[in-house]
Amino acid sequence: MTTGPATQIDTLLAETRLFDPPAEFAAAAHISSLDEYRKLYDRSINDRDAFWSEVASELTWFKQWDGVFQRDGHRFRWFDGGATNLSFNCVDRHLSSGTRNKAALIWEGEDGEQRVLRYHDLYREVCRFANGLKSLGVGAGDRVGIYMPLVPELAIAMLACARIGAVHSVVFGGFSAEAVRDRMVDAQARVVVTADGGLRRGGVVALKANVDSAVEAADCVEKVVVFKRLGNEVAWDDSRDIWWHDLVADQPLDCPPADVAAEDPLFILYTSGTTGKPKGVLHTTGGYMVGCYLSTKLIFDLKDQDTFWCTADIGWVTGHSYVVYGPLLNGATSVMFEGALNWPEPDRIWAVAERYAVSILYTAPTAIRSFIRSGNQWPEKHDLGSLRLLGTVGEPINPEAWIWYHEVIGGGRCPIVDTWWQTETGSIMISPLPGATPTKPGSATLPFFGCEPDVVDSDGSSVAPGAGGFLVMKNPPPSMARTLYGDEERYQLEYWSRYQEQGWYFAGDGARRDEDGYYWVLGRVDDVINVSGHRLGTMEVESALVSHPTVAEAAVVGRPDDLKGTAIVAFVTLKAGQQPGDEAAATLREQVVKEIGALARPDEIRFADALPKTRSGKIMRRLLRDIAQGSTTTGDTTTLEDLSVLATLRGDEEE
Ligand code: WTA
C-alpha cells in the first residue's frame, strides 16, 4: 500500500490506488488500524448483544433494556423495554461537564448574521419550546410538522419534540405547498412549525405562505407556530397562528424529559420511492440514538476540540443525523449554515469553513463537482488549514472529484470518508474509518460495525468479486427504520419481500465488491433517481406532470449528468389539440415545481406522439433511458418525437 501523489488526475486508474490513513492521523484516532477495525467488527457481528450494550451504556437511559435485539421476520426491536430521552442525551447529559459552556451550534445566516448557542443555551431554548408545545396540547406520540429555514430554531423544535415524546416530521424548505400538504395529511400533524420566511440566494422563500395554502387542505393541523426570521409581512389567522416568541415568552426554563420507550417513534421523514406517493420512513428512539452516536464518533473520529460541519439541509436525513443528533449526542460543536454554499460567491463554503476553523467537513459529491467547475481560485483564497477530515454522502463520488477534494481542499493530508447510507438506515452503514481504512477513490470501502451487507444476484447468491449485483443488508442494525408510517405493507414489500426467504433488507442500490471486500455503490436499480444527491422517484415527477390538464401521459427517466449526477428527462404526450413547444415545456416545468418543488424541475422535456409500450401496455423505460442518454441535443428538445416507431423496431424485449 502506498500513498500516491495525486497529480496525474486524468490518467490515473483510481480503482487501483490506495490512500493509507496518514500515520499521524491514525495514531490519534479512535480506531487506529485495520486490525483493530476488523476485531471490533467481528465482535459487533458475532457478539452483537454485548457490543451494542456497551455502546448504548455510554449514553443515559432512565430504564435499562430487557433485551438488546429481537427479530421476527422483518419486524425487529432494539433495546426493548429500555427507556431514554434523545433530547436529554443531546443536551442535558452535557450540562454537568465543561461541555455546558461549549458551543453546541454555530449558526451563520445567508445574510451573514451569526449566532452561537452554548449547550446550556440550547437546553433553555429546547425546554422553553417543549413547554410551548405542551401548552398547545401536543403530547407523546403526536406528530409535529416542521417546515423551516436552516436556523437554530429548527434543531430546537426537533429536540423539543423528542423531549416530550412527540414525533417530528421535517419537510425540506424547498418543497412546495402541495408537497407540504401531502406530508402533513399523511402524518396527521396537529401542529406545524414554520418561519415567516427563509433566505435563498438573496431571495425570500415564502414558507409561511406555503404553509397557509398547505393547511387549507389539511384539517388535522390545529396550530401553526411561526418563527420570526426576517420580519417580512405575512398573512395571519389569529385562531390558528402563533408567533414562536409569544409561545415561549412565559414558559418555564425547565421541562423534564419524558420517559420515552426505546421503540417509541422519534421521527417520520418522507422520502421518494418507486410509486408517486412519498413514503414516511419511521425511526424509533433507542436504536436510532445509538447508531447516530457511534457512527458520528467513529466515522468522523470526533474529538472534543473538533468543529464539525455537515453542509446538508436538515430537511434530509443527513441533516437529521449529522447536523443535529449525531454531533450533539457526542457533545460536539456543529456548524449550521442557512444559505447556498456558492452564494453570493462560489467561495462561500470555504469562507464559512475558514471563519469557524472547521475541522471536519461533510458534503455531497454534487457540491464538490460544482466547486471544481468554479475553479481552484476560490478555495485558494482561504486558509483551510483547520480541516483534518473530509466526508461525502448522497451519491457515488467519481474518482476525479475525490482526488480534487483530497488535494485541493484537504491539502493531501485529510482522509476522506465516503459514507453510504439511506434515509431508511438512519445512520452510516458502509464507510472507511479514517484512522484505519485505506481508501480507494470512489469506494465507500467496508461495513460499519453491526452492518452485514452483501452483493447478491436475484436468487440471493453472493456474486463474485468485481461483479455487479444488488446491495442487501443481512440484519437490521439499531438505527434501521422500523416501518413506513401508516403503510406497513409497503414497507414489507419495498424492502423485505425481494429476499424474504433469507430475511434480508433490499436497499434498492446496485453495487460491486472487489477482491479486498470493498464496496462500490453503483446507484439505484429501481425507479428512483439521484439528482444532486437528492432522491426523487420518477413516478412522483410523472404524477406531477399528468396532473396538468394538457398532459395525456408522461414518463420520466434519469440521464447521467456531469454536475447533478442525474438529470431529469421527461417524455410527455399531450392531449389532442394541445401544442407542444417551448411554451408548453415551460408550463410543465412550472407544474412540477408547484407540485413538488424546484428540486424536481425537469432538465429536459421531450414531446412524443405516443410513448413506446410493450404489448402488455408497460412503458418501455429502458428504451427511453437509452434515448435520453443518446441524445445529441443539449438543453430542451421540444419537438415532437415518434417513439412508437422505435418501439416497434425494438420489439417487446423490455421488462
Ligand atoms: C445514494 C442519503 C453512493 C444511494 C444519506 C442510496 C450513495 C441513496 C452514497 C439514499 C454513497 C448515498 N455512495 N451512493 N456514499 N450515499 N447514496 O435516502 O443510492 O437521501 O440508496 O439518504 O443515496 O439517499 P437518501
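Up top is the structure.
On a predicted model such as this, the values are computed, not experimentally measured, just so you know.

Quick notes on the rules
- Residues numbered from 1 in each chain as written.
- Predicted model: local features only at pLDDT ≥ 70, side-chain atom pairs only at ≥ 80, totals over all residues.
- Heavy atoms only, no water.
- 1 Å grid on protein atoms, 1.4 Å probe; cavity = no way out; pocket = protein on both sides within 12 Å on 5 of 7 lines; lining within 4 Å.
- Points joined across faces, edges and corners; volume = space filled by probe spheres on them.
- Helix = DSSP H or I, 4+ residues; strand = E, 2+ residues; numbered from the N terminus.
- Nonpolar A, V, L, I, M, F, W, Y, C, P; charged D, E, K, R; others polar.
- Axes fitted to C-alpha atoms, helices over the stretch in contact; angles between N-to-C directions.
- Parallel < 35°, antiparallel > 145°, perpendicular 65-115°, else oblique.
- Left-handed = near helix turned anticlockwise from the far one by under 90°.
- Contact = heavy atoms within 4.5 Å.
- Near = heavy atom within 4 Å.
- Polar contact = N/O pair within 3.5 Å; in protein donor to acceptor, adjacent residues only side chain to side chain.
- Areas by Shrake-Rupley, 256 points an atom, 1.4 Å probe, with all protein chains shown as cover.
- Pairing = 2+ DSSP bridges.
- Buried < 20%, exposed > 50% of the residue type's maximum accessible area, 1.4 Å probe, protein only.
- Expected span 1.5 Å × (residues − 1).
- Phe/Tyr/Trp six-rings, centres within 6.5 Å; stacked < 30°, edge-to-face > 60°.
- Lys NZ or Arg CZ within 6 Å of the ring centre and 35° of its normal.
- Salt bridge = Lys/Arg side-chain N within 4 Å of Asp/Glu carboxyl O.
- Core = buried A, V, L, I, M, F, W, Y, C linked by side-chain atoms within 4.5 Å.

K.L.:
Just checking my understanding: could you explain the layout of surface pockets for this structure?
P.N.:
Any space left empty among the atoms is revealed by the rolling of a water-sized probe across them. Space inside the second largest pocket adds up to approximately 250 Å³. Lining the second largest pocket are 17 residues; nearest its centre among them are Thr274, Leu493, Glu494, Phe506 and Asp526. For the lining of the second largest pocket, the secondary structure elements donating two or more residues are helix 16 (488-496) and strand 25 (505-513). For the lining of the second largest pocket, a count of residues per class yields five nonpolar, five polar and seven charged.

K.L.:
What exactly am I supposed to notice about the packing of helix 6 (residues 152-164) against helix 11 (residues 317-329) here?
P.N.:
In helix packing, the relevant descriptors are the interaxial angle and the interaxial distance, both defined with respect to the helix axes. It is at 11 Å that the axes of helix 6 and helix 11 come closest, and there the two elements cross at 60°. Classified by the angle their axes make, helix 6 and helix 11 are oblique. The handedness of the crossing between helix 6 and helix 11 comes out as right-handed. Residue-level inspection shows Ala155, Met158, Leu159 and Ala162 of helix 6 in contact with helix 11, the latter providing His320, Val324, Tyr325 and Leu328. A per-class count over the contact of helix 6 with helix 11 returns seven nonpolar, one polar and no charged.

K.L.:
I keep staring at the site of the ligand and nothing clicks. Help me out?
P.N.:
Taken together, 17 residues lie near the ligand, and Asp418, Thr419, Thr423, Asp509 and Arg535 sit nearest. A distance of 2.8 Å separates an oxygen atom of the ligand from a polar atom in the side chain of Asp509. Relative to its free-state accessible area of 520 Å², the ligand is covered by the protein chains to the extent of 96%. Residue assignment for the shell around the ligand shows that the elements contributing at least two residues are helix 11, strand 21 (416-419) and strand 26 (519-524).

K.L.:
Could you clarify how one ought to interpret empty space enclosed by the protein in this entry?
P.N.:
As enumerated under the stated definition, the model contains four cavities of 30 Å³ or more in all. In this structure, the largest cavity spans a volume of roughly 70 Å³. Lining of the largest cavity is provided by Ser44, Ile45, Arg48, Trp52, Phe69, Trp78, Gly450, Glu452, Asn475, Pro476, Pro477 and Pro478. Contributions of two or more residues to the lining of the largest cavity are made by helix 2 (34-46) and helix 3 (48-56). Of the residues assigned to the lining of the largest cavity, the class counts are seven nonpolar, three polar and two charged.

K.L.:
Sorry if this is basic, but what is going on with the sheet that holds strand 20 (residues 389-393) here?
P.N.:
Each strand in a sheet pairs with its neighbour through backbone hydrogen bonds, running either in the same direction (parallel) or in the opposite one (antiparallel). Taken together, the seven strands give an open sheet; going across it, the order is 6-5-18-17-19-20-21, and neighbouring strands pair in mixed fashion. The sheet is open, and its two edges are formed by strand 6 (114-118) and strand 21, each paired on a single side. Here the average twist between neighbouring strands, direction ignored, is 20°. The strands touched by helix 6 are strand 5 (103-108), strand 6 and strand 18 (333-337); relative to strand 6, the strand with the most contacts, the crossing angle is about 30°.

K.L.:
For this particular structure, what's the right way to read the environment of Thr439?
P.N.:
Looking at the secondary structure, you find Thr439 in the loop between strand 21 and strand 22 (453-456). Residue classification places Thr439 among the buried positions, given a relative accessible area of 7%. Separated by 93 residues in sequence, Thr439 and Pro346 have C-alpha atoms that sit 28 Å apart. Once residues lying within four places of it in the same chain are set aside, the contact partners of Thr439 are Arg17, Leu18, Phe19, Trp402, Ile416, Pro432 and Thr445.

K.L.:
Can you walk me through helix 18 (residues 582-595) in this structure?
P.N.:
Three- or four-residue spacings in an α-helix give side chains the same orientation, since the helix completes a turn every 3.6 residues. Look at helix 18: 20 Å from first C-alpha to last across 14 residues, which is about the 20 Å you get at 1.5 Å a residue. Among the residues making up helix 18, those that are buried are Ala584, Ala585, Leu588, Arg589, Gln591, Val592 and Val593. Where helix 18 is buried, its residues meet helix 17 (538-546), strand 29 (551-561), strand 30 (565-574) and strand 31 (604-608).

K.L.:
Is there a simple way to explain the environment of Leu298 in this structure?
P.N.:
Its place among the elements puts Leu298 in helix 10 (residues 285-299). Expressed as a C-alpha distance, the spacing of Leu298 and His30, which sit 268 residues apart in the sequence, is 6.3 Å. If near-sequence neighbours (up to four positions away) are discounted, Leu298 is found in contact with His30, Ile31, Leu433, Pro434, Phe448 and Phe449.

K.L.:
What's the story with the packing of aromatic side chains in this structure? I'm lost.
P.N.:
What describes a pair of aromatic rings is the distance from one ring centre to the other and the angle between the planes of the rings. All chains considered together, the criterion is met by 36 aromatic pairs. Ring centres of Trp65 and Phe79 lie 5.1 Å apart, and the angle between their planes is 65°; on these two criteria the pair is classed as edge-to-face. Taken as a pair, Trp65 in the loop between strand 1 (61-63) and strand 2 (67-72) and Phe79 in strand 3 (residues 75-80) lie far apart in primary sequence, 14 residues in all. Just as Trp65 is buried, Phe79 falls in that class too. A cation over an aromatic ring shows up here: Arg183 above the ring of Phe175, its NZ or CZ 4.4 Å from the ring centre.

K.L.:
Is there a simple way to think about the pattern of salt bridges in this case?
P.N.:
Side-chain pairs of opposite charge can arise where the charged atoms are in close proximity. Enumeration according to the criterion identifies 49 salt bridges in this entry. For Arg388, the salt bridge identified is with Asp306, shortest N-O distance 2.8 Å. Taken together, the positions of Arg388 in the loop between helix 14 (377-380) and strand 20 and Asp306 in the loop between helix 10 and strand 17 (307-310) put the pair 82 residues apart, joining distant regions of the chain. We classify Arg388 as partly exposed; its relative accessible area is 21%. Connected through salt bridges with shared partners, the residues Lys279, Glu424, Arg490, Glu494 and Arg535 form a single ionic network.

K.L.:
What is the right way to look at the sheet that holds strand 4 (residues 83-84) in this model?
P.N.:
Pairing is antiparallel across the open sheet formed by three strands, whose spatial order is 1-4-14. Every other strand in the sheet has two partners, leaving strand 1 and strand 14 (260-261) as the edge strands with one partner each. Examined bridge by bridge, strand 4 and strand 14 share two bridges and lie antiparallel to one another. Its bridge partner being in strand 14, Thr84 is matched across the sheet by Val260. Lying on the sheet, helix 10 is in contact with strand 1, strand 4 and strand 14; it crosses strand 1 at an angle near 150°.

K.L.:
For this particular structure, what's the right way to read the nonpolar core?
P.N.:
Across soluble globular proteins, nonpolar side chains have a tendency to be buried as a group. Formed by 166 residues in total, the largest nonpolar core has its most connected members in Phe79, Leu122, Phe129, Trp244, Tyr325, Phe449 and Val572. A total of 10 residues in this core trace back to one element, the largest contributor, which is helix 6. With sequence-adjacent residues up to four places away left out, Val572 is seen in contact with Leu545, Val551, Glu553, Ala554, Leu588, Ile605, Arg606, Phe607 and Ala608. Counting residues in hydrophobic clusters, the runner-up holds 30 residues, among them Phe19, Leu341, Ile368 and Ala401.

K.L.:
Could you clarify how one ought to interpret the packing of helix 17 against helix 18 in this entry?
P.N.:
Packing of helix 17 against helix 18 brings their axes to within 8 Å, and their N-to-C directions diverge by 115°. Crossing hand, helix 17 versus helix 18: right-handed. Across the interface between the two elements, Val541, Ala544 and Leu545 of helix 17 pack against Leu588, Gln591, Val592 and Glu595 of helix 18. Grouping the constituent residues of the contact of helix 17 with helix 18 by class yields five nonpolar, one polar and one charged.

Everything listed is a geometric property; what it means functionally is a separate question.
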